[in-house]
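If you want the building blocks of each chain, they are given just below.
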Amino acid sequence: MTNDRIQQLAEIVDSAAMNLAEIGMLTADAPDLTIDAAYEVQEASVERRLARGERVIGMKMGLTSRAKMEQMGVHEPIYGILTSSMIVNDGAAIRISELCHPRIEPEVAFILSDDLEGPVSPAQALMAVGGVCAALEVIDSRYRDFKFTLPDVIADNTSAVRFVLGSAVTAADWLNLGNLGMVMEVNGAIVETGSSSAIYDNPARSLAELANMLARRGRKLHAGQIVLSGGATAAIPLKAGDRVRVEIDEIGSAEIRVIP
Ligand code: OOG
Ligand code: MG
């Protein structure tokens, strides 16, 4: 795929995100959108955000749990880029009017203390982690009805739109990260329960896989970056008035409110 075509596709997903206009799948008109080309579209779309003053603050893994793979009908892990316009303070409100058809999912987040370059094992990856937090990710696919193929969702920066980290940060070395229970509540009612083991067996394994996927494209993670390891349960649609909270054993809670 030519660079002009990559830039064209990046403009389509970026404009859809800015205008809250659902689009059809890119692969319908671009059957030559390979996974590699899709990551190039993703980077080009984030370049457009950077040109508007956003900064890269981390990376996310997606489709790392069976629940998410089954909900979305895509069965391979993917990664996306988190920018400064996406982070929300713990307990703060997001405006649903700025989003198209948002959903929310419970996640485990890492804050890196060191650069991390694959290939690495999960144990090695943990050595680059400064702390672990509970997190909620709001995803908002630019595709009609949240329907996409693997290259489409990669090109669309893996539906990234907002996320919140819990206020508490726990040292990773004290945790059995692969066995933390979690509960997600909407307006005080439990909507999903799960375990960190749902995230690629262990969120540390998801982090290592991210470093390894990045290494295959000549990229790495940087000290200070945030990493979302992937939704542990299916994602839940959001509406104005919702107050969503996740509580994860040992590492605490994160909360977000939704206003019109
Ligand atoms: C793609 C993003 C998936 C996760 O945690 O699995 C994701 C989507 O479901 O729209 O963020
Ligand atoms: Mg996610």
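Residues numbered from 1 in each chain as written. Chains lettered and ligands numbered in written order. Predicted model: local features only at pLDDT ≥ 70, side-chain atom pairs only at ≥ 80, totals over all residues. Heavy atoms only, no water.

Hey, could you run me through the coordination of the magnesium ion (ligand 2) in this one?
When a metal carries six donors in an octahedron, the ideal angles between them are 90 or 180 degrees, while four donors in a tetrahedron ideally lie at 109.5 degrees. Protein-derived coordination of the magnesium ion (ligand 2) comes from E105 (OE), E107 (OE) and E137 (OE), at a distance range of 2.0 Å. You can call E107 buried: its relative accessible area is 0%. (Donors = N, O, S within 2.8 Å, 3.2 Å for Na, K, Ca; no water. Buried < 20%, exposed > 50% of the residue type's maximum accessible area, 1.4 Å probe, protein only.)

Help me out: how do you make sense of the packing of helix α1 (residues 3–19) against helix α3 (residues 35–51) in this one?
Interaxial distance between α1 and α3 falls to 8 Å at its minimum, and their mutual angle equals 55°. When the interaxial angle is binned, α1 and α3 end up oblique. Handedness of the crossing formed by α1 with α3: right-handed. On the side of α1, the interface is formed by I6, Q7, L9, A10, E11, V13, D14 and A17, while α3 contributes A37, E40, V41, A44, S45, R48 and R49. (Axes fitted to C-alpha atoms, helices over the stretch in contact; angles between N-to-C directions. Helix = DSSP H or I, 4+ residues; strand = E, 2+ residues; numbered from the N terminus. Parallel < 35°, antiparallel > 145°, perpendicular 65-115°, else oblique. Left-handed = near helix turned anticlockwise from the far one by under 90°. Contact = heavy atoms within 4.5 Å.)

Sorry, what's going on with the pattern of salt bridges here?
Should the charged atoms of two oppositely charged side chains come close, the side chains can pair. On inspection of all chains with the given rule, the structure shows 16 salt bridges. Across the pair D14 and R52 runs a salt bridge, and its minimum N-O distance is 2.8 Å. Taken together, the residues span a long stretch of sequence, with D14 in helix α1 and R52 in the loop between α3 and β1 (56–62) at a distance of 38 residues. Among the charged side chains, a network of salt bridges with common partners joins R243, R245, E247 and E255. (Salt bridge = Lys/Arg side-chain N within 4 Å of Asp/Glu carboxyl O.)

How should I be thinking about helix α7 (residues 203–216) in this particular structure?
The α-helix advances 3.6 residues per turn, and as a result positions three or four apart in sequence lie on the same side. In this model α7 runs 20 Å from its N-terminal to its C-terminal C-alpha over 14 residues, within 8% of the 20 Å that 1.5 Å per residue would give. Counting buried residues along α7, eleven of its 14 residues qualify, which places the element largely inside the surrounding structure. Taken as a whole, α7 has its buried residues at P203, A204, S206, L207, A208, E209, L210, A211, N212, M213 and L214. One side-chain oxygen at the N-terminal end of α7 lies 2.9 Å from the backbone nitrogen of A204; it belongs to N202. Remark: G218 follows α7 within two positions and exhibits a positive phi of approximately 70°. (Expected span 1.5 Å × (residues − 1). Polar contact = N/O pair within 3.5 Å; in protein donor to acceptor, adjacent residues only side chain to side chain.)

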